[in-house]
Amino acid sequence: MAVVNVAPVYRRGLFDVLRERGYIPAEPASVEDWATRTSHAVALIGVINREDLLTLRRIADKVRDGIVVGLLKDPEPPTYVAGLLVGADALVDMDASAEQIARTIEAACRHEVLLPCRIALEVARGPHRSQFLSIDEVRLNWLRRLAEGTTVEKLARDVGYSRRAMFRQLELLYREMG
């Protein structure tokens, strides 16, 4: 597990918690090289400014079969949306407890996304809402269920898709939404 762009004192405490959970945290000299050659990589990226979102995108493009988690300095809906759009598998407030960060990582490893209710509701009610109006009721229901915490695997079973096909359908839906 690579940890990038976080303050040294913060990093030390986070490393301790991650080790307790069975992870092997590291701070590679080149996280992009590390991501390319490491299978099942987990990269934690501190996102403090716009430049960090570009770093997150570059790393997400390199991680083959792992996950990328953004630690957000500004945990507001636009930052969550931007992080997901550039390729984060999960995002969490940088000031969240180490336990919450670990739960977010573990959820992402199961292909689930944990969002604070406040963030999910604000994103659902926010300026992107008008884009959802052209989505048919069936697919809008998928989004509602995911926002309520249903896993992609459960949703796929319920609607008759394989897990892989459901991910493809959701990817198409997300692209349609912009």
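Up top is the structure these notes are about.
If you're wondering where the values come from, they're calculated on a predicted model, not measured in any experiment.

What counts and what doesn't
Residues numbered from 1 in each chain as written. Predicted model: local features only at pLDDT ≥ 70, side-chain atom pairs only at ≥ 80, totals over all residues. Heavy atoms only, no water. Helix = DSSP H or I, 4+ residues; strand = E, 2+ residues; numbered from the N terminus. Rg over C-alpha atoms; globule rule 2.2 N^0.38 Å. Buried < 20%, exposed > 50% of the residue type's maximum accessible area, 1.4 Å probe, protein only. Contact = heavy atoms within 4.5 Å. Areas by Shrake-Rupley, 256 points an atom, 1.4 Å probe, with all protein chains shown as cover. Axes fitted to C-alpha atoms, helices over the stretch in contact; angles between N-to-C directions. Parallel < 35°, antiparallel > 145°, perpendicular 65-115°, else oblique. Nonpolar A, V, L, I, M, F, W, Y, C, P; charged D, E, K, R; others polar. Pairing = 2+ DSSP bridges. Right-handed = clockwise from strand over helix to strand, strands pointing away. Salt bridge = Lys/Arg side-chain N within 4 Å of Asp/Glu carboxyl O. Left-handed = near helix turned anticlockwise from the far one by under 90°.

Topic: the overall build of the protein
Next up, step 1: Within the protein, the secondary structure is distributed over 10 helices and four strands.
Next up, step 2: What you see for the protein is a C-alpha radius of gyration of 16 Å, in line with the 16 Å of a compact globule of 178 residues.
Next up, step 3: Taken over the C-alpha atoms alone, the protein extends approximately 45 × 30 × 25 Å along its principal axes.
Next up, step 4: Looking at the protein residue by residue over its 178 residues, the buried ones come to 42%.
Next up, step 5: Considering only intrachain contacts with a sequence separation of at least 6, the fraction spanning at least 24 residues in the protein is 59%.
Next up, step 6: Split by element, the accessible area of the protein, about 10,100 Å² in all, is 53% carbon and sulfur.

Quick notes on the packing of helix 4 (residues 77-85) against helix 6 (residues 117-125)
Next up, step 1: Contact geometry of helix 4 with helix 6 gives a least axis separation of 9 Å together with a crossing angle of 85 degrees. Accordingly, the angle class assigned to the pair helix 4 and helix 6 is roughly perpendicular. Packed against helix 4, whose contacting residues are P77, Y80 and V81, the element helix 6 presents R118, I119, E122 and V123 at the interface.
Next up, step 2: Looking at the contact of helix 4 with helix 6 residue by residue, the class counts come to five nonpolar, no polar and two charged.

A short note on the pairing of strand 2 (residues 42-47)
Next up, step 1: Counting buried positions along strand 2 yields six of six residues, so the element is predominantly enclosed.
Next up, step 2: On strand 2, burial covers both faces: V42, L44 and G46 on one face and A43, I45 and V47 on the other are all buried.
Next up, step 3: Two strands pair when backbone bridges link them, and strand 2 and strand 3 (residues 67-72) are joined in this way by six bridges, in the parallel orientation. The partner of L44 across the bridge, within strand 3, is V69.
Next up, step 4: Handedness of the β-α-β unit built from strand 2, helix 3 (residues 50-62) and strand 3 comes out right-handed.

Observations concerning the pattern of salt bridges
Next up, step 1: Evaluated as defined, the whole model comprises 12 salt bridges.
Next up, step 2: For R19, the salt bridge is made with D16, and the minimal N-O distance between the two is 3.4 Å. Of the two residues, R19 and D16 both sit in helix 1 (residues 8-20), three residues apart, roughly one turn of that helix.
Next up, step 3: With a shortest N-O distance of 2.7 Å, R21 and E106 are connected by a salt bridge. Taken together, the positions of R21 in the loop between helix 1 and helix 2 (31-37) and E106 in helix 5 (residues 98-109) put the pair 85 residues apart, joining distant regions of the chain.

A closer look at the packing of helix 8 (residues 137-147) against helix 9 (residues 152-159)
In a pair of packed helices, the angle between the axes and the distance between the axes together describe the arrangement.
Next up, step 1: Look at helix 8 against helix 9: their axes get within 10 Å of each other, and the N-to-C directions meet at 145 degrees. Seen from above, helix 8 lies across helix 9 with right-handed handedness. Listed contacts from helix 9 to W142, R145 and L146 of helix 8 are V152, K154, L155, D158 and V159.
Next up, step 2: Looking at the contact of helix 8 with helix 9 residue by residue, the classes come out as five nonpolar, no polar and three charged.

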